[in-house]
Amino acid sequence: MTRQQRAGLAFTLPVLTVIALVFVLPTALALTLSVTDYSVYALADWANLSFVGLGNFRELADNPLFWRALGNTLAFAALGVPMAIVASLAAALLLSDATVRWKPLWRVILFAPYVTSVVATAVVWRFLFNERYGLLNRALGAVGLPGVDWLGDPHLSIPSILLFVTWKVFGYNMIVFTAALSAVSGELMEAARLDGAGPWRRFRHVTLPAIGPTLLLAAVMSVAGFLQLFTEPYVMTLGGPAQSTTTILYFMFDEGFKWWNLGQASAVALVLFAMILAVTLVQVRIGRRREWL
Amino acid sequence: MRLPRPRTVVMNLAAAAAAIVTAAPLAWMVLVSFMPRGESGTSPPPLWPSRWSLENYHELLARRMYDGAWFDYRILPALGNSLWVAAAATFFALILTVPAGYAFAKLRFRGRERLLQMLLAALVVPGQVAMLPLFLLFRELGLVNTYAGAVLPSLAGIFAVLFVRQATLAVPDEMIDAARLDGASEGRIFAVIVLPLLTPVVVTLALFLFLASWNDFLWPLIVLTDQHHYTLPVAVASISREHAADGELMMAASVVTTLPILLIFLALQRYYLTGLLGGSVKG
Amino acid sequence: MASYVPSRRAAIVGAVAAASGGLAGCGRRRSPGAIGFWAMSYEGDYSPILTTAFTAATGVPVDHQSLPSTAAHEKLLTALAGDALPDVVALPNEWVGEFAMAGALAPVTDPALTADLFPGAAALTRYRGRPYAVPWSLSPQLQYYRRDLLAAVGFDAPPDRWGEWRAAAIALKRRRPDDYVVLMYLNWWDTLFTLALQAGAPMLRDRATRGAFSEARFAHAMAFYVSLFELGLAPRALSTEIQDPLAAFGQGMFALYPNSPVLLLDLHRRAHLIPRERWAVTRMPGPTGPGPVSSVSTSLAVTARARRPAQAWMLVRYLTTVPAELRLQRLIGKLPARPSAWDTPQMRNPLLRPFVAQADVPAPSPDVVEWERIRLEVQLVAERVVRGLATLEEGLAEMDRRADRILARRRALVDAGRIA
């Protein structure tokens, strides 16, 4: 073995061992669990455990709560990704404008929510959303509008939580887009301005094509994040009202750890895996085209 | 003096407005935490404390004697646990992933490409798939409800390895080759030549890792069953279930959770933000 | 490349290490020789007070942990799976069978602990004929009412039959159309199941392997429950949405408040919100008069793998003595589980008379492991019906479907003869 060979293995083996133990092995176990009916009965007596093949998946398909959780999760992603991307883009455009001063200050403030703990800020926003004592309804009242039942109305709970999530995460892509915007060719912009194009046309024909791929990549990566929402419903709404904010991961946590149906919960985890796999394949294809990898 | 153009005024006001709206929840969090108990539970809610009071922090953080018994939310121990777990996770993750990232970038060894592809493939699998069986696995190993159990999963730093690899690719090969010709061992090359060049990357990575570990919620929620071992997010979530109505107390708990991270971020934000983009952010 | 600033980074790392070491140490660490005691909600919050005398008398320190009631089931199960359960656990009675089956609890071997118990409570804490927990407290649901508001529409007390009770509520609503009449949280199953128990609904059939929620008696209770919301008598609210229900009760936002004995304490402590003359308590109404109600009764159990079983049993014995249970009653309001405690002057307090009358009526509860989950699911479906997302018939059918699904594993095991 050459010297580099030895060093290469020595440097990489520790982390690969950890990954194998903590990641590869459990994932394989998840496949095994998902074809058994592991439940609290099995916790009591191993003899109660049996192999059920695709039975868990069939039960999931029969379970309306699973479909509702799936629908909720997709709604979160479908509504949330545009909200987050648009907010990040708007903030990046603002921060890239030549006439804005004190950029570092704004940048730090706008990014700050991203580094905070989800649990702590979820608690704060739960209070903000309070129907009687929350700041949001107070602000609405100050301009004469009636208060809104943000977290208590099943039709408003998802948008309300998304308001919070957007606030929390928009800073990250704001920075990414700022970098992309700074790479937009200055000469092209000058040429467009000299040609008499207004700001909107300049945006559409110069900026957007230049940052398009970055936008797309960011959107696709966000989807994976939104598919894994858990902490927000856990802290703010307990999956309600009327299970309108139960996401796939929340459903999996309840099924697995609250009721100890690990067989079913592993099946849900594999469904989530399949969804994220689909999203990531799209992302890889885009990324390869841009030589990101 | 020339008056600023209207567009300049509008843009600057917009930036300021965005910043105010973004900072408002955090500012209100701090203000409410200093209000006397029950004040925020009035309609319409006040915007400023009628008097600044430390009673919420006292109740949250201090052990109180009531009716002859001690009561304690155990927030300070949770804070200590969070610091300890995050520091350990960061430290060990760095030790594991930085050499590996370097090896994948600069060392030629058999199986390197195949391992790299497997790592990339592993990115696809969300961590939650492994969580349930991992719990059962840790139970066999006796790691449930231990700090090691909380730290171990964060050491599987696939992103970190790829991140370090990406950054190391930029290190010029000539320096490394020259050192090899001089007879230095691979370990010395890594420690003496490459590592100093990588320090901004390592610092950024350390920040990311610390942040991720501090804010981690789902895994500590599952693996830490004993209140003595709770990290801060788990402790706050637990209190928030029973004390949803205690606005001021919960805001104080949120302040305690977010303040350390915000301070670290403010102190090191240049590293963090430039680390995100490799220097293309202009001041 | 930016220059390396070793001192700054080292300083930060050093500070973090020092701070974490200091902070981790400055909390109350578990003292050696201490027994662990987990309890939920009020018992959990007040357990330090309850055990101070025990520690003083026996020298055994007790390490308390209070579990939030909405997260208690998963905390206990994960602790069981991870072999991290404490020595003593306070459980709702309906969970005893489940955790006994899972091997979490040690059987009660001392006959003195299981003498002097109400038969209904004792039955619930048995698994396969052996007792696994000692009943500790009872908490039946009764209704608190505003005497002044009811008097204004001509009633001394709420009627005890459903028809008349609802008529009184309608009269109250007519008088104060902007307020509500009765507070029933949409995410708590207690009131719905009280109504079901009053109606005598069996709720499960076929040796408790299938749901019986479409059956006439439960349907009758459910229809009554939904009508209260449809008539505007109850707000469509979750427990997380009402910041201070007692203040609301004092302000007349609702006149009838079904709740447990714990409310007595809050009413006593915050008498400035509602003076004593303005409220009273009586039993919940039934279709033909009062009957059994839902009750959150707690038991104490020693875990199977307790590290210090001898001291654990000492704690259980201490907490279930009559004086200790009476002290619990004074502290948090929940009623003693030992009938001999009811003969004391403290329990002959006229305020407690309706509770005494209620405690004599046992509430049957299906002894299935999945009962907790079925109750939660039934309430979720009920919430959907109340919010107009499903009709009553659809809701009842859905309840049966969900119960059947939850009981599938039990059904398979019963059919295979593995469980009774």
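Just so it is clear, the structure is predicted and the values come from calculations on it, not from any experiment.

A few points about the overall build of chain C
Phase 1 of the analysis: For chain C, the helix and strand inventory stands at 18 helices and 13 strands.
Phase 2 of the analysis: For chain C, the C-alpha radius of gyration of 24 Å lies close to 22 Å, the compact-globule estimate for 420 residues.
Phase 3 of the analysis: Dimensions of chain C, computed from the C-alpha atoms along their principal axes, are close to 75 × 60 × 60 Å.
Phase 4 of the analysis: Out of the 420 residues belonging to chain C, those deemed buried represent 60%.
Phase 5 of the analysis: Put simply, 76% of the contacts in chain C that link residues at least 6 apart link residues at least 24 apart.

Some points on the side chain of Ser254 of chain B
Phase 1 of the analysis: For Ser254 of chain B, the location among the structural elements is in helix H12 (residues 247–277).
Phase 2 of the analysis: By relative accessible area, which is 0% here, Ser254 of chain B ends up buried.
Phase 3 of the analysis: There is a polar contact of 3.0 Å between the side chain of Ser254 of chain B and the backbone oxygen of Ala120 of chain A.
Phase 4 of the analysis: Ignoring anything within four residues of it in the chain, the contact list for Ser254 of chain B reads Ala120, Val123 and Val124 of chain A together with Met29 of chain B.

Digging into the interface of chain A and chain B
Phase 1 of the analysis: Taken residue by residue, the interface counts 87 residues in chain A and 100 residues in chain B.
Phase 2 of the analysis: Carbon and sulfur atoms supply 78% of the area buried between chain A and chain B, which totals about 8,200 Å² over both sides.
Phase 3 of the analysis: Residue Glu186 of chain B pairs with Arg3 of chain A through a salt bridge whose shortest N-O separation is 3.2 Å.
Phase 4 of the analysis: Across the contact surface, chain A and chain B share 14 residue pairs in polar contact (both at pLDDT 80 or more).
Phase 5 of the analysis: Secondary-structure elements contributing two or more residues to the side of chain A that touches chain B are helix H1 (3–34), helix H5 (103–115), helix H6 (118–128), helix H7 (135–142), helix H8 (157–182), helix H11 (231–237), helix H12 (248–258) and helix H13 (262–289) of chain A.
Phase 6 of the analysis: The greatest single-element share of the side of chain A that touches chain B, amounting to 22 residues, is contributed by H1 of chain A.

What to know about the packing of aromatic side chains
Phase 1 of the analysis: The final tally for this structure, using the stated rule, is 52 aromatic pairs over all chains.
Phase 2 of the analysis: Ring centres 6.5 Å apart and planes at 55° place the aromatic pair Tyr234 of chain A and Tyr250 of chain A in the tilted group. Here the residue Tyr234 of chain A occupies a position in helix H11, and Tyr250 of chain A occupies one in helix H12, the gap between them amounting to 16 residues. Grouping residues by exposure puts Tyr234 of chain A and Tyr250 of chain A together as buried.
Phase 3 of the analysis: Centroid distance Phe163 of chain B to Phe208 of chain B: 6.3 Å. Interplanar angle 75°. Geometry classified as edge-to-face. Within this pair, whereas Phe163 of chain B is found in helix H7 (residues 158–168), its partner Phe208 of chain B is found in helix H9 (residues 186–215), the two being separated by 45 residues in sequence.

A word on the sheet that holds strand E13 (residues 335–336) of chain C
Residue and element names in this part refer to chain C.
Phase 1 of the analysis: As summarised here, the arrangement of the 6 strands in space is E2-E1-E3-E12-E6-E13, forming an open sheet in which the pairing is mixed. Bordering the open sheet on either side are strand E2 (62–67) and E13, each of which pairs with just one other strand.
Phase 2 of the analysis: The sheet strands contacting helix H4 (residues 93–101) are strand E1 (35–40), strand E3 (88–92) and strand E12 (298–302), and the helix crosses E3 at an angle near 120°.

Describing the domain arrangement of chain C
Residues and elements named next belong to chain C.
Phase 1 of the analysis: Assigned domains within chain C: domain 1 (7–139 + 296–348) and domain 2 (142–294 + 369–415).
Phase 2 of the analysis: Taking the mean C-alpha position of each, domain 1 and domain 2 sit 29 Å from one another.
Phase 3 of the analysis: Opposite the 16 residues of domain 1 that make contact, domain 2 presents 11 residues.
Phase 4 of the analysis: Of the roughly 1,100 Å² buried at the junction of domain 1 and domain 2 (both faces included), carbon and sulfur atoms supply 62%.
Phase 5 of the analysis: Viewed at the interface, domain 2 and domain 1 are joined by 1 salt bridge.
Phase 6 of the analysis: Here Arg375 makes a salt bridge to Glu94, at a shortest N to O gap of 3.1 Å.
Phase 7 of the analysis: Our enumeration of links across domain 1 and domain 2 arrives at 3 residue pairs in polar contact (both at pLDDT 80 or more).
Phase 8 of the analysis: Looking at the side of domain 1 that touches domain 2, the elements that each hand over two or more residues are helix H2 (41–58), H4 and helix H14 (322–332).

Description of H14 of chain C
Side chains of residues three or four places apart in an α-helix project in the same direction, reflecting 3.6 residues per turn.
Phase 1 of the analysis: Buried residues of H14 of chain C: Ala324, Glu325, Leu326, Leu328, Gln329, Leu331 and Ile332 of chain C, and no others.
Phase 2 of the analysis: Following H14 of chain C by one or two positions, Gly333 of chain C has its phi on the positive side, about 95°.

Topic: helix H16 (residues 371–386) of chain C
Phase 1 of the analysis: With 16 residues, H16 of chain C extends 22 Å between its outermost C-alpha atoms, agreeing within 8% with the 22 Å of an ideal straight helix rising 1.5 Å per residue.
Phase 2 of the analysis: Phi turns positive one or two residues past the end of H16 of chain C, at Gly388 of chain C, with a value near 80°.

Quick word on the nonpolar core
Phase 1 of the analysis: Core analysis: the biggest nonpolar cluster contains 231 residues, and Phe230, Tyr234 and Trp260 of chain A, Leu60 of chain B together with Leu76, Phe99 and Leu105 of chain C have the highest contact counts within it.
Phase 2 of the analysis: When residues of this core are assigned to domains, at least three fall in each of domain 1 (7–139 + 296–348) and domain 2 (142–294 + 369–415) of chain C.
Phase 3 of the analysis: Among residues more than four places away in sequence, those in contact with Leu60 of chain B are Tyr73, Ile75, Ile239, Leu249, Ala252, Ala253 and Val256 of chain B.

Notes on unusual backbone geometry
Residues and elements named next belong to chain B.
Phase 1 of the analysis: With a phi angle near 60°, Arg74 is a residue other than glycine that sits in the positive phi range.
Phase 2 of the analysis: As for its placement among the helices and strands, Arg74 is situated in the loop between strand E2 (69–71) and helix H3 (75–106).
Phase 3 of the analysis: A residue is classified by how much of its surface remains accessible, and Arg74, at 10% relative accessible area, is buried.
Phase 4 of the analysis: Residue Asn145 is not a glycine yet carries a positive backbone phi of 65°.
Phase 5 of the analysis: Structurally, Asn145 is set in the loop between helix H5 (127–141) and helix H6 (147–151).

Some details on the pairing of E12 of chain C
Residue and element names in this part refer to chain C.
Phase 1 of the analysis: With 5 of its 5 residues buried, E12 lies for the most part within the structure.
Phase 2 of the analysis: Every second residue of E12 is oriented toward a common face, with Thr298, Leu300 and Val302 on one face and Ser299 and Ala301 on the other, all of them buried.
Phase 3 of the analysis: Two strands pair when backbone bridges link them, and E3 and E12 are joined in this way by 5 bridges, in the antiparallel orientation. Looking across to E12, one finds that Val89 is bridged to Ala301.
Phase 4 of the analysis: Sheet topology note: the strand E6 (residues 134–138)/E12 ladder contains 3 bridges and is antiparallel. What sits directly across from Pro135, in E12, is Ser299.

Considerations on empty space enclosed by the protein
Phase 1 of the analysis: Counted by the stated rule, this structure contains 9 cavities of 30 Å³ or more.
Phase 2 of the analysis: Along the wall of the largest cavity there are 22 residues; nearest its centre are Glu255 and Asn261 of chain A together with Arg373, Arg405 and Ile406 of chain C.
Phase 3 of the analysis: Looking at the lining of the largest cavity residue by residue, the classes come out as 7 nonpolar, 5 polar and 10 charged.

Side note on the environment of Thr207 of chain A
Phase 1 of the analysis: Summarising the element assignment, Thr207 of chain A is placed in helix H10 (residues 199–227).
Phase 2 of the analysis: When residues no more than four places from it in sequence are discounted, the contact partners of Thr207 of chain A are Leu181, Val184, Met189 and Arg202 of chain A.

As for the sheet that holds strand E11 (residues 279–282) of chain C
Residue and element names in this part refer to chain C.
Phase 1 of the analysis: Read from one edge to the other, the open sheet built from 3 strands follows the order E10-E7-E11, with strand pairing classed as antiparallel. With one partner strand each, in any of the chains shown, strand E10 (256–259) and E11 form the two edges of the open sheet. Recorded for the sheet is a direction-independent mean angle of 25° between the axes of neighbouring strands.
Phase 2 of the analysis: Sheet analysis places strand E7 (residues 142–146) next to E10, joined by 4 bridges and oriented antiparallel. Among the inter-strand pairings, Tyr145 is bridged to a residue of E10, identified as Leu256.

Procedures and definitions
- Residues numbered from 1 in each chain as written.
- Chains lettered and ligands numbered in written order.
- Predicted model: local features only at pLDDT ≥ 70, side-chain atom pairs only at ≥ 80, totals over all residues.
- Heavy atoms only, no water.
- Helix = DSSP H or I, 4+ residues; strand = E, 2+ residues; numbered from the N terminus.
- Rg over C-alpha atoms; globule rule 2.2 N^0.38 Å.
- Buried < 20%, exposed > 50% of the residue type's maximum accessible area, 1.4 Å probe, protein only.
- Contact = heavy atoms within 4.5 Å.
- Polar contact = N/O pair within 3.5 Å; in protein donor to acceptor, adjacent residues only side chain to side chain.
- Buried area = accessible area lost by both parts, 1.4 Å probe.
- Salt bridge = Lys/Arg side-chain N within 4 Å of Asp/Glu carboxyl O.
- Phe/Tyr/Trp six-rings, centres within 6.5 Å; stacked < 30°, edge-to-face > 60°.
- Pairing = 2+ DSSP bridges.
- Axes fitted to C-alpha atoms, helices over the stretch in contact; angles between N-to-C directions.
- Domains from an automatic or database assignment.
- Expected span 1.5 Å × (residues − 1).
- Core = buried A, V, L, I, M, F, W, Y, C linked by side-chain atoms within 4.5 Å.
- 1 Å grid on protein atoms, 1.4 Å probe; cavity = no way out; pocket = protein on both sides within 12 Å on 5 of 7 lines; lining within 4 Å.
- Points joined across faces, edges and corners; volume = space filled by probe spheres on them.
- Nonpolar A, V, L, I, M, F, W, Y, C, P; charged D, E, K, R; others polar.

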